[in-house]
Protein chains: 2
Amino acid sequence: MALKGNAIIGQSGGPTQVINQTLVGIIKEARKHEEIENLYGAVHGVAGILGDNLVDLGKLSYPELDLIAKTPGAGLGSVRKKPTEEECMSMLRMFQAKNIRYFFYIGGNDSAETAYIIDDFAKREGYEMVVYHVPKTIDNDLLVNDHTPGFGSAAKYVAMAFIGDNQDNKSLGGIKINVVMGRHAGFLTAASILARQREDDGPHLVYVPERDFDFDNFLKDVEEIYRKLGRVQIAVSEGVQRGGEPIYSTGYKDSHGNIQLGTAGELGAFLADFVKRELGGRLHKKLRVRADTFGYIQRSFPMQSQVDAREAYMVGQKAVEYAITTGKSGSVAIKRLGKDIASYKAETFITPLESVARQTKSLPSDYISLRGNNIEKAYIDYVLPLVGELPKMGYIEGVI
Amino acid sequence: MALKGNAIIGQSGGPTQVINQTLVGIIKEARKHEEIENLYGAVHGVAGILGDNLVDLGKLSYPELDLIAKTPGAGLGSVRKKPTEEECMSMLRMFQAKNIRYFFYIGGNDSAETAYIIDDFAKREGYEMVVYHVPKTIDNDLLVNDHTPGFGSAAKYVAMAFIGDNQDNKSLGGIKINVVMGRHAGFLTAASILARQREDDGPHLVYVPERDFDFDNFLKDVEEIYRKLGRVQIAVSEGVQRGGEPIYSTGYKDSHGNIQLGTAGELGAFLADFVKRELGGRLHKKLRVRADTFGYIQRSFPMQSQVDAREAYMVGQKAVEYAITTGKSGSVAIKRLGKDIASYKAETFITPLESVARQTKSLPSDYISLRGNNIEKAYIDYVLPLVGELPKMGYIEGVI
């Protein structure tokens, strides 16, 4: 017989455009199962459990839930916190007092670790409960999963922003650098290549943290493209590095042999200054170099990818189903079915909490060009189904 | 009898999401009038005329035109250039050689000035032609016009970005500063208040270039809101100033009486550092302060406001109609009809080129709060019809 009692849901880590789809997936599915009596939301994840800050999710109407599902950001509030042993004990006391038998934690690898720690603690203390981690992260870096909810919508924003910015860059020319989220994994930055609709469309160069950044090759590549098109659109991951250090701290040896360190901590400003200084005189007396950092809008712009929204809902729903039918803790993971874009489908499976906790994955090498300055076309087959259709741009022949 | 001959269209200044609606409005209308024989596009505005770089716009099919209309950026390429007398002569020779009798120039106040200069030169040289300026600017700062094409779509982007970012800020708390385009006029930054759907929604503070920025009041206001909500979302125009100087160069006298100058030229980074330094210890030992600069995506994200798209098309169409029926140079301006949002309508009228050239307008004082830290609700009636419906956010009672 399945475990019966109350349930808590929490959200953790950086929010996404669809993290509330997962929340609503859990709520709606939980309402179908009599094993779950009362359903509470922990306000700001484990911080809400520790501070006894819970909301009753039973009160929300179905129209309210549908609106919440479409709302970016963590509807319950989020947190970045790894509980200590003491805090685990305090949470366990609360679970016991409120007869909490199910805990669903929506988040990335750090949240999976938190779920694992709590589950492990409850087991050691002999308290019977089911802890489920439910995946989300725009970084797309969770192990075991083919991809993660949240990534598709952020990738859609990045692709759309590059589509528009490519037209802007084309209008006035010059060099445009766009810094995309991703401290360790280049998946999101790589999605910028979805903006290419015609041969001369940007991004013309793409740099991810998985490869060491080479200043000399970078300058050569920028110059070559600029001489051909009069413009260059560049995508750079915020985590782009050299020997494990952020590139603005590693220094560049200029033509006089002097090492120049970046003065600005900000990557976009640093790279724009660098390009202007090194290429400005040679390419154009008033070389136009601009940089934008996409920032938090990437993960919060109120625009969901349909596939991403559907899958985010599905992982929530499946977490409840798995938790109740197996009576064991675990994490929901996503597997891809279908060999190409047309036949794309996804399904879920159960994976142990520890298999997605702590460690993360990187953009596979075969998606990155040998020179480390571009993303291979094969990546489009991977990412496009998660993003969906993008607006097609018009074109006037003869305008460069 | 109306003047008969060939026509040239050019685009100038910073592009917008709908500048190609105007281009297509001109092209489609021109095709209806036999006074216009061949229709050329000047590639990169006056630079294309000077360099004899024209494209034949007669070749574009209607489906191609419909796609171009939805494409952000200047389809013909843009330029920032004020022609000299010599260049005017060179352009005039080209107009004569190609029998150009109509010139349509899409742009802001600088482009209106260019149109005025060319018109004036042609008149002085006795060459009969009609020069029309067609308005566009996301800054919404053209004189005579109630508002300008391009503004509504950029305002929609800003409102949507603030809606999503408000949810993101709410999720993890802390202070979030968003820098919005607008060096001299605060219209676009003011549009951020469209993001407010509930009482505690951001932006909680809004700063525009029309008022001197007061560091002390700013800190007091940020602290007060933070103590109430645990978070603050702030909108700042890129042109925010004190005594006419960018605020990061004016310095702030700290509690010890020392003047502190901003080290970073970048406004967002400067304000974030400033808030962290001055309030960090007092409000929270690890006060979370973040800044995003929306950048070029504001004017190029492939998402048009429907009203803006329609009006951008209309000003193009009307420019051709006015040029042919009056046979005189001028500029198309927009007038608002209807007293409220429900009855909103706009129509065009003719205004002299010099009336919109050079000078610009500012956000009217009655839209700015007395303390200079907010925008009055009355502004919503002005801006909402231009932006259209925005996504409604869900909400879970009890989550702060």
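As the structure is a prediction and not an experimental result, all values here were calculated from the model.

## Section: the nonpolar core
Within soluble globular proteins, side chains that are nonpolar generally end up buried alongside one another.
So, point 1. Counting residues in each nonpolar core, the largest one holds 156 residues, and the members touching the most others are F104(A), Y379(A), F104(B) and Y379(B).
So, point 2. Residues within four places of Y379(B) in sequence aside, it is in contact with F151(B), F187(B), A190(B), A191(B), I193(B), L363(B) and Y367(B).

## Focus on the interface of chain A and chain B
So, point 1. Facing 57 residues of chain A, the contacting portion of chain B comprises 57 residues.
So, point 2. Interface area for chain A against chain B, summed over the two sides, is near 4300 Å², with a carbon-plus-sulfur share of 64%.
So, point 3. For the pair chain A and chain B, the number of links is 2 salt bridges.
So, point 4. Linking D168(B) and R299(A) is a salt bridge whose minimum nitrogen-to-oxygen distance equals 2.8 Å.
So, point 5. Linking chain A to chain B there are 17 residue pairs in polar contact (both at pLDDT 80 or more).
So, point 6. Ranked by residues supplied to the side of chain A that touches chain B, first place goes to helix α6 (residues 151–172) of chain A with 11 residues.
So, point 7. Broken down by class, the residue content of the side of chain A that touches chain B amounts to 29 nonpolar, 16 polar and 12 charged.

## A look at the sheet that holds strand β1 (residues 5–11) of chain A
All names here are of chain A.
So, point 1. Strands sit in the order β3-β2-β1-β4-β5-β14-β15 across an open sheet of 7 strands; the sheet is mixed. If you trace the sheet from one side to the other, it starts and ends with β3 (54–56) and β15 (345–351), each paired once. Averaged over all pairs of adjacent strands, the angle between their axes in this sheet comes to 30°, without regard to strand direction.
So, point 2. Direction of pairing for strand β5 (residues 130–135) relative to strand β14 (residues 330–337): parallel, over a ladder of 2 bridges. If you follow Y132 over to β14, its bridge partner there is G330.

## Concerning the pairing of strand β2 (residues 36–42) of chain B
Residues and elements named next belong to chain B.
So, point 1. Among the 7 residues in β2, 5 count as buried, and that is most of the element.
So, point 2. Judged from the 4 bridges that link them, strand β1 (residues 5–11) and β2 form a sheet pairing that is parallel. Residue pairing in the sheet places A7 in a bridge with L39 of β2.
So, point 3. What joins β1 to β2 is helix α1 (residues 19–30), and the crossover it makes is right-handed.
So, point 4. As defined by bridge partners, β2 adjoins strand β3 (residues 54–56) across 3 bridges and the pair is classed as antiparallel. Pairing of A42 across the sheet is with L54, part of β3.

## Things to note about the packing of aromatic side chains
So, point 1. With the rule as written, the count across this model stands at 43 aromatic pairs over all chains.
So, point 2. With centroids separated by 6.5 Å and ring planes inclined at 40°, the aromatic side chains of Y132(B) and Y322(B) adopt a geometry described as tilted. Of this pair, Y132(B) sits in strand β5 (residues 130–135) while Y322(B) sits in helix α12 (residues 306–326), placing them 190 residues apart in sequence. Accessibility assignment for this pair places Y132(B) and Y322(B) in one class, buried.
So, point 3. Cluster of aromatic residues (ring-pair linked, three or more members): Y157(A), F162(A), F294(A), F301(A), Y157(B), F162(B), F294(B) and F301(B).
So, point 4. Above the plane of the ring of Y62(A) lies R31(A), whose end atom (NZ or CZ) is 5.0 Å from the centre.
So, point 5. Residue placement shows K335(A) over the ring face of F349(A); its charged tip is 5.7 Å from the ring centre.

Conventions and cut-offs
Residues numbered from 1 in each chain as written. Chains lettered and ligands numbered in written order. Predicted model: local features only at pLDDT ≥ 70, side-chain atom pairs only at ≥ 80, totals over all residues. Heavy atoms only, no water. Core = buried A, V, L, I, M, F, W, Y, C linked by side-chain atoms within 4.5 Å. Buried < 20%, exposed > 50% of the residue type's maximum accessible area, 1.4 Å probe, protein only. Contact = heavy atoms within 4.5 Å. Buried area = accessible area lost by both parts, 1.4 Å probe. Salt bridge = Lys/Arg side-chain N within 4 Å of Asp/Glu carboxyl O. Polar contact = N/O pair within 3.5 Å; in protein donor to acceptor, adjacent residues only side chain to side chain. Helix = DSSP H or I, 4+ residues; strand = E, 2+ residues; numbered from the N terminus. Nonpolar A, V, L, I, M, F, W, Y, C, P; charged D, E, K, R; others polar. Pairing = 2+ DSSP bridges. Axes fitted to C-alpha atoms, helices over the stretch in contact; angles between N-to-C directions. Right-handed = clockwise from strand over helix to strand, strands pointing away. Phe/Tyr/Trp six-rings, centres within 6.5 Å; stacked < 30°, edge-to-face > 60°. Lys NZ or Arg CZ within 6 Å of the ring centre and 35° of its normal.

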